[in-house]
Number of protein chains: 2
Amino acid sequence: MIRNLWKNTWARRALVVLVGLLIWFTPVPWGLQPEAWQLFTIFITAILAVLLDALSIFTASLLAMVLAVLAGVMTTEKAFSGFSEDFMLLILSAFLVSKGVVESGLGKRIAFVLIRRFGYSTLNLGYCIVATDALLGPAIPSNTARSGVLYPIVLALCLDTGSNPDDGTHQRSGSYLMMVSIASLTVSSALWLTAMAANPIAAGMGAQYGVQMDFMHWLLVSSLPSLLAMVALPYILYRLSPPEATATPEAPLAAQKALKEMGPLSNKEKIMAATFVGMVALWGVAGLLHISMAIVAFLGLAVMLLFNIISIASLRRDGGDALETFIWFAIMYVMSSALNELGFMSTLGKQIAGQMQGLSWPQAYVLLILIYVLIHYLFVSQTAQLLALFGVFLEVGVNAQVPVALMAYMLAFATNYFAAMTPQASSANVMFAGSGYLTQQEMYRNGAIITVANFVIYMICTPWVLWMGG
Amino acid sequence: MIRNLWKNTWARRALVVLVGLLIWFTPVPWGLQPEAWQLFTIFITAILAVLLDALSIFTASLLAMVLAVLAGVMTTEKAFSGFSEDFMLLILSAFLVSKGVVESGLGKRIAFVLIRRFGYSTLNLGYCIVATDALLGPAIPSNTARSGVLYPIVLALCLDTGSNPDDGTHQRSGSYLMMVSIASLTVSSALWLTAMAANPIAAGMGAQYGVQMDFMHWLLVSSLPSLLAMVALPYILYRLSPPEATATPEAPLAAQKALKEMGPLSNKEKIMAATFVGMVALWGVAGLLHISMAIVAFLGLAVMLLFNIISIASLRRDGGDALETFIWFAIMYVMSSALNELGFMSTLGKQIAGQMQGLSWPQAYVLLILIYVLIHYLFVSQTAQLLALFGVFLEVGVNAQVPVALMAYMLAFATNYFAAMTPQASSANVMFAGSGYLTQQEMYRNGAIITVANFVIYMICTPWVLWMGG
């Protein structure tokens with residue numbers, strides 16, 4: 001009977017409301033402002049609703065925003081501020097650009113070339129994505145922008161290996177490849193100092209404690225755990241969340257044939273390729289030139305429209321997924337950031353730090369990193385967590401006698417590798433989450449698997465980090 | 001040969017670039033800041049490109065934004081600020097809500113009821129829209145929100161009179177009814193003090209000059225010209241931009257039959273109707289309760305998603321048009337507002353005022369109103385123009401001996417009736433502009449017709465306004 005009740009969406013919704021009310025009416029702990037506690041309640045209840053499949057993430061976000069505003073714990077201005085955030089518009093524009101890569105035929109061609117070379121198994125294609133991403137890392141200093149480059153290629157790979165959410169074949173190869181991409185981005189970001197926007201901030205904070213975290217040092221320290229993770233993650237996902245298509249010996253031949261049929265590069269493909277390369281190049285130097293990454297992507301989109309690589313009609317027809325993703329992510333991001341601004345996060349961090357007294361440094365070290373990772377369930381931005389908690393956790397670690405370089409590097413790596421945890425855990429996930437290949441439940445489940453694997457791998461490499469980082 | 005060249009999009013684009021360069025390199029007039037002149041150049045060139053069909057409004061907006069940012073005349077932050085504007089998100093959410101009205105079948109039913117009663121000619125349906133809009137005026141104190149109520153009903157009317165942009169039948173009735181809606185909103189907004197957000201601001205400014213502009217006074221003064229316009233506009237559009245379907249004597253019978261087939265209200269329709277009525281009621285009191293109109297619309301959308309009146313899948317499938325409209329309008333709005341902030345608009349206003357010396361008051365009066373209306377080609381918000389220029393023009397008018405009540409009321413009416421001028425002239429137009437029924441050229445042409453007609457009608461009523469307003 002309980003199982004039948006569980007199958008009823010409204011029963012699950014009632015349960016979520018019940019839990020929400022319980023948290024709401026719990027006495028406010030730790031001397032928090034009541035607004036902080038109420039906003040936390042709304043936020044965590046919305047995430048619970050998504051986890052229990054009581055609401056889609058879109059509906060949950062909308063309701064959470066409306067509730068928070070009507071309850072007076074968030075201003076309307078704050079609630080809407082996410083829609084004009086630079087990286088939010090980067091996601092939106094990159095999402096639209098990806099449609100051009102697919103529509104022009106260029107995505108198909110790149111996919112076929114990759115399949116011809118590596119396509120005899122889906123696992124191989126997974127490694128192919130990881131390698132591409134890692135090589136792009138130093139050239140594209142933003143994991144969100146890099147996800148914008150990867151996404152259209154991965155999407156084409158999925159479609160051209162016969163996997164399409166519209167006809168129910170998303171499990172064939174697509175769910176797996178999309179999830180590998182999310183996993184891959186966590187590691188490529190940890191590998192290079194310049195592969196994620198928050199890394200240099202971590203390096204700056206580390207420097208205040210005398211830890212050397214320049215480009216080469218970072219690469220050296222990060223290389224072993226990151227390479228291990230790059231090898232392990234596609235295989236772990238392959239075992240624990242296998243694609244329906246595994247060995248596909250016929251695929252390279254079919255790709256070979258399809259490439260022949262496609263003939264030489266069309267004009268559209270050439271223009272698309274030039275635009276894409278131009279965008280990547282501009283993204284690489286955007287920081288130096290103080291140009292917004294989103295402006296670069298909008299420029300690319302405008303060029304594609306000018307040359308009719310995508311049409312307004314197709315944007316109007318196919319832009320709905322980009323819109324849906326843009327809205328829920330902007331809302332989730334703002335709620336997490338408001339929670340942070342109300343002091344919830346730092347209070348939580350200090351409470352945890354208070355529990356560390358009397359532990360040996362290895363105990364404190366493992367616990368601190370573990371908690372730092374787990375808290376990311378509440379954060380909708382890697383940078384926000386870094387800014388809110390990196391300093392607190394580093395300080396607590398140092399006080400507990402954890403070697404400072406170890407602590408600084410491990411917190412910095414964690415800030416990257418916990419990014420697969422939830423769909424909203426990183427802006428780099430959002431396009432893959434919006435692809436239609438992955439359900440919310442799959443993303444939470446596999447996100448947890450990836451995060452545990454990463455945590456274990458990086459922890460095992462503690463001696464290496466101690467040795468190289470010291 | 002020139003005609004053939006004209007048919008070539010790239011030739012027209014080259015012409016636009018040429019004109020843009022000419023304006024850019026014109027010596028900066030009136031002691032303006034160079035940035036103001038450059039931003040003006042980019043903005044006006046983008047509008048020219050749309051007018052000449054060299055670019056879609058979406059592409060033109062994107063390019064203008066990117067150029068303005070790269071040229072350093074607008075910050076990235078400013079460029080993106082439109083995306084989090086309250087009324088911008090009201091348009092976006094109302095656009096999505098409208099899909100639910102149509103999908104639930106409620107829109108169809110309302111349309112059939114209207115067609116059964118008034119549908120023997122398309123002109124009649126036009127009057128039907130005007131009457132509905134005028135009656136909703138005092139209840140919905142925002143023309144943007146009111147456009148969100150009208151739009152789904154008008155869309156259903158178009159579809160159910162056999163007019164659909166997807167199969168090329170948009171001219172049958174749709175283009176006409178969409179344009180009538182845009183025209184209607186200009187007049188319903190001028191009719192009631194509370195039907196448009198900027199009207200009370202005008203009343204406040206008028207009060208500083210001792211002009212009484214309370215609810216009843218406003219209604220009295222506005223009634224004659226507004227009623228004349230309500231009668232004239234649908235007929236003028238019917239003559240100058242006729243629908244393909246005119247007399248449709250069979251339509252009411254067909255609607256009668258269709259209603260019979262639909263049977264009683266379905267649950268979905270009932271929930272949709274309750275949600276819709278609830279939204280309208282909340283919009284009516286939103287100002288009193290200090291709730292954002294957009295939050296109300298997002299709440300309505302969330303309720304519709306909760307009860308599965310629209311699904312996430314259908315949002316992802318059909319949300320592209322809302323996204324396209326949201327992006328270009330946010331950009332256009334921000335560019336116009338940046339132009340205003342750089343002092344371009346007020347300098348222009350003062351230059352014009354300087355030319356008024358030596359004119360009799362009736363001459364000055366007609367000229368001032370005419371110029372106030374024409375300048376709206378540069379504005380992407382009625383409120384922004386009111387804030388920037390109402391005061392300047394009122395002061396100049398008073399100095400030129402124009403009776404102050406006449407001047408104040410006429411400027412206030414003009415702020416409403418010039419709203420049909422361009423697709424971006426009012427946020428109330430934007431959903432209709434994004435409906436797919438109207439080309440940019442049609443909107444500019446018919447927008448000019450509506451504005452001229454309104455100008456003439458309100459001007460003819462000058463004696464009435466003098467008598468009642470004094």
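Please read all numbers here as calculations on a predicted model, not as lab measurements.

1. Topic: the overall build of chain A
And step 1. The secondary structure content of chain A amounts to 24 helices and zero strands.
And step 2. For 470 residues, the compact-globule estimate of 2.2 N^0.38 gives 23 Å, and chain A sits close to it at 22 Å.
And step 3. By its C-alpha atoms, chain A is 70 × 55 × 50 Å across when sized along the principal axes.
And step 4. With 470 residues in all, chain A has 61% of them scored as buried.
And step 5. For chain A, the accessible area works out to roughly 17300 Å², and carbon and sulfur atoms hold 66% of it.
And step 6. Charged side chains of chain A number 21 positive and 21 negative; the gap between the two group centres comes to 9 Å.

2. Some remarks on the packing of aromatic side chains
All names here are of chain A.
And step 1. In this structure the tally under the stated criterion is 47 aromatic pairs over all chains.
And step 2. Taking 6.0 Å as the distance between ring centres and 65° as the angle between the ring planes, the aromatic pair formed by Trp 218 and Tyr 409 counts as edge-to-face. On the criterion of sequence distance, the pair formed by Trp 218 in helix α12 (residues 215-240) and Tyr 409 in helix α21 (residues 404-417) is long-range, its members being 191 residues apart. Like Tyr 409, Trp 218 is buried.

3. A short note on the interface of chain A and chain B
And step 1. Listed per partner, the contact involves 47 residues of chain A and 47 residues of chain B.
And step 2. Counting across the chain A and chain B interface gives two salt bridges.
And step 3. A salt bridge links Arg 316 of chain A to Glu 324 of chain B, with the nearest nitrogen and oxygen atoms 2.6 Å apart.
And step 4. There are nine residue pairs in polar contact (both at pLDDT 80 or more) connecting chain A and chain B.
And step 5. Looking at the side of chain A that touches chain B, the elements that each hand over two or more residues are α2 (9-25), α4 (57-70), α5 (76-81), α6 (86-103), α15 (293-306), α16 (312-318) and α17 (320-341) of chain A.

4. Quick word on the relation of the copies chain A and chain B
Taken together, a rotation about one axis and a shift along it account for how the two chain copies relate.
And step 1. Superposition record for chain A on chain B: RMSD 0.0 Å, screw rotation 180°, translation along axis 0.0 Å. Between the two chains, the operation in question is that of a two-fold axis. Taking C-alpha positions as the reference, the residue of chain A nearest the rotation axis is Gly 320 of chain A, at 2.1 Å.

5. Concerning the pattern of salt bridges
And step 1. Scanning the entire structure with this criterion turns up twelve salt bridges over all chains.
And step 2. The closest approach of N and O atoms between Lys 78 of chain A and Glu 341 of chain A, which form a salt bridge, is 2.8 Å. In this pair, Lys 78 of chain A is assigned in helix α5 and Glu 341 of chain A in helix α17, connecting sequence segments 263 residues apart.
And step 3. Notably, a salt bridge pairs Asp 133 of chain B with Arg 146 of chain B, separated by 2.8 Å at the nearest N-O pair.

6. Topic: the packing of α2 of chain A against helix α3 (residues 34-51) of chain A
Residues and elements named next belong to chain A.
And step 1. Where α2 contacts α3, the two axes come as close as 9 Å, and the packing angle between them is 160°. Classified by the angle their axes make, α2 and α3 are roughly antiparallel. Viewed along their axes, α2 and α3 form a crossing whose handedness is right-handed. For the pair formed by α2 and α3, the contact residues are Val 16, Val 19, Gly 20, Ile 23 and Trp 24 on the first element and Trp 37, Gln 38, Phe 40, Thr 41, Ile 42, Ile 44, Thr 45, Leu 48 and Ala 49 on the second.
And step 2. A per-class count over the contact of α2 with α3 returns ten nonpolar, four polar and no charged.

7. A look at the domain arrangement of chain A
Size of an interface: often given as the accessible area lost when the parts come together.
And step 1. Split into domains, chain A comes out as domain 1 (1-74) and domain 2 (86-321).
And step 2. Of note, the centres of domain 1 of chain A and domain 2 of chain A, computed from C-alpha atoms alone, are 34 Å apart.

8. Describing helix α3 (residues 34-51) of chain B
Residue and element names in this part refer to chain B.
And step 1. With 18 residues, α3 should reach 26 Å at 1.5 Å per residue; the first-to-last C-alpha distance of 26 Å fits that figure.
And step 2. Here α3 has its buried residues at Ala 36, Trp 37, Leu 39, Phe 40, Thr 41, Ile 42, Phe 43, Thr 45, Ala 46, Ile 47, Ala 49 and Val 50.
And step 3. On its buried face, α3 sits against α2 (9-25), α4 (57-70), α17 (320-341), α18 (344-354) and α23 (440-460).
And step 4. One or two residues past the end of α3 sits Asp 53, with phi positive at roughly 60°.

9. A few points about helix α10 (residues 174-191) of chain B
And step 1. With 18 residues, α10 of chain B extends 25 Å from end C-alpha to end C-alpha; this agrees with the ideal 26 Å at 1.5 Å per step.
And step 2. For α10 of chain B, the buried fraction is high: 18 of the 18 residues fall into the buried class.

10. Points about the side chain of Thr 186 of chain B
All names here are of chain B.
And step 1. Position of Thr 186 among the secondary structure elements: in helix α10.
And step 2. Among the polar contacts made by the side chain of Thr 186, one reaches the main-chain carbonyl oxygen of Ala 183 at a distance of 2.6 Å.
And step 3. Apart from residues no more than four positions distant in its own chain, Thr 186 is found in contact with Leu 233, Asn 416, Tyr 417, Ala 419, Ala 420 and Asn 454.

11. Quick word on the packing of helix α10 (residues 174-191) of chain A against α21 of chain A
All names here are of chain A.
And step 1. Where α10 contacts α21, the axes come no closer than 7 Å and their chain directions differ by 150°. Taken as axis vectors, α10 and α21 run roughly antiparallel relative to one another. Between α10 and α21 lies a crossing whose hand is right-handed. Two secondary-structure elements touch here, α10 through Thr 186, Ser 189 and Ala 190 and α21 through Phe 413, Asn 416 and Tyr 417.
And step 2. When grouped by side-chain class, the residues that make up the contact of α10 with α21 number three nonpolar, three polar and no charged.

12. So, a nonpolar patch on the surface
And step 1. Nonpolar side chains collect at one region of the surface, where Leu 367, Leu 370, Leu 374 and Tyr 377 of chain A lie side by side and expose about 310 Å² of accessible area between them.
And step 2. Assessed through its relative accessible area of 30%, Tyr 377 of chain A is described here as partly exposed.

13. Considerations on unusual backbone geometry
Residues and elements named next belong to chain B.
And step 1. The residue His 290 is not glycine, and still its phi comes out positive at about 55°.
And step 2. With respect to the helices, strands and loops of the structure, His 290 is situated in the loop between α14 (267-289) and α15 (293-306).
And step 3. Classification of His 290 by relative accessible area gives exposed; the value is 73%.
And step 4. The phi angle at Asn 308 is positive, at roughly 60°, despite the residue not being glycine.
And step 5. Relative to the elements of secondary structure, Asn 308 occurs in the loop between α15 and α16 (312-318).

14. Re the environment of Leu 51 of chain A
Residues and elements named next belong to chain A.
And step 1. Here Leu 51 lies in helix α3.
And step 2. Note: C-alpha distance between Leu 51 and Gln 441 (390 residues apart in sequence) is 6.3 Å.
And step 3. Look past the residues within four positions of Leu 51 in its chain and what remains in contact with it is Gln 441 and Tyr 444.

15. Side note on the confidence of the model for chain A
And step 1. Overall, the prediction assigns chain A a mean pLDDT of 89, with 100% of residues at 70 or greater.
And step 2. This prediction of the complex comes with two scores: 0.85 for pTM and 0.83 for ipTM.

16. Things to note about the environment of Asp 53 of chain A
Residue and element names in this part refer to chain A.
And step 1. Within the fold, Asp 53 resides in the loop between α3 and α4.
And step 2. For Asp 53, a relative accessible area of 42% gives the class partly exposed.
And step 3. Residues Asp 53 and Lys 7 lie 46 residues apart in sequence; the distance between their C-alpha atoms is 9.9 Å.
And step 4. Residues within four places of Asp 53 in sequence aside, it is in contact with Thr 9, Arg 12 and Gln 441.

17. As for the environment of Val 149 of chain A
Residue and element names in this part refer to chain A.
And step 1. Structurally, the position occupied by Val 149 is in helix α9 (residues 143-160).
And step 2. Residues Val 149 and Ala 46, 103 residues apart in the sequence, show an inter-C-alpha distance of 31 Å.
And step 3. Excluding residues within four positions of it along the chain, Val 149 makes contact with Leu 136, Ile 140, Phe 276, Val 280 and Trp 283.

About the criteria used
Residues numbered from 1 in each chain as written. Chains lettered and ligands numbered in written order. Predicted model: local features only at pLDDT ≥ 70, side-chain atom pairs only at ≥ 80, totals over all residues. Heavy atoms only, no water. Helix = DSSP H or I, 4+ residues; strand = E, 2+ residues; numbered from the N terminus. Rg over C-alpha atoms; globule rule 2.2 N^0.38 Å. Buried < 20%, exposed > 50% of the residue type's maximum accessible area, 1.4 Å probe, protein only. Areas by Shrake-Rupley, 256 points an atom, 1.4 Å probe, with all protein chains shown as cover. Lys, Arg positive; Asp, Glu negative; His and termini not counted. Charge placed at Lys NZ, Arg CZ, Asp CG, Glu CD. Phe/Tyr/Trp six-rings, centres within 6.5 Å; stacked < 30°, edge-to-face > 60°. Contact = heavy atoms within 4.5 Å. Salt bridge = Lys/Arg side-chain N within 4 Å of Asp/Glu carboxyl O. Polar contact = N/O pair within 3.5 Å; in protein donor to acceptor, adjacent residues only side chain to side chain. Least-squares fit on C-alpha atoms with pLDDT ≥ 70 in both. Axes fitted to C-alpha atoms, helices over the stretch in contact; angles between N-to-C directions. Parallel < 35°, antiparallel > 145°, perpendicular 65-115°, else oblique. Left-handed = near helix turned anticlockwise from the far one by under 90°. Nonpolar A, V, L, I, M, F, W, Y, C, P; charged D, E, K, R; others polar. Domains from an automatic or database assignment. Expected span 1.5 Å × (residues − 1). Patch = residues over 30% accessible without salt bridge, like charges linked within 9 Å, V, L, I, M, F, W, Y side chains within 5 Å. pLDDT = per-residue confidence, 0-100.

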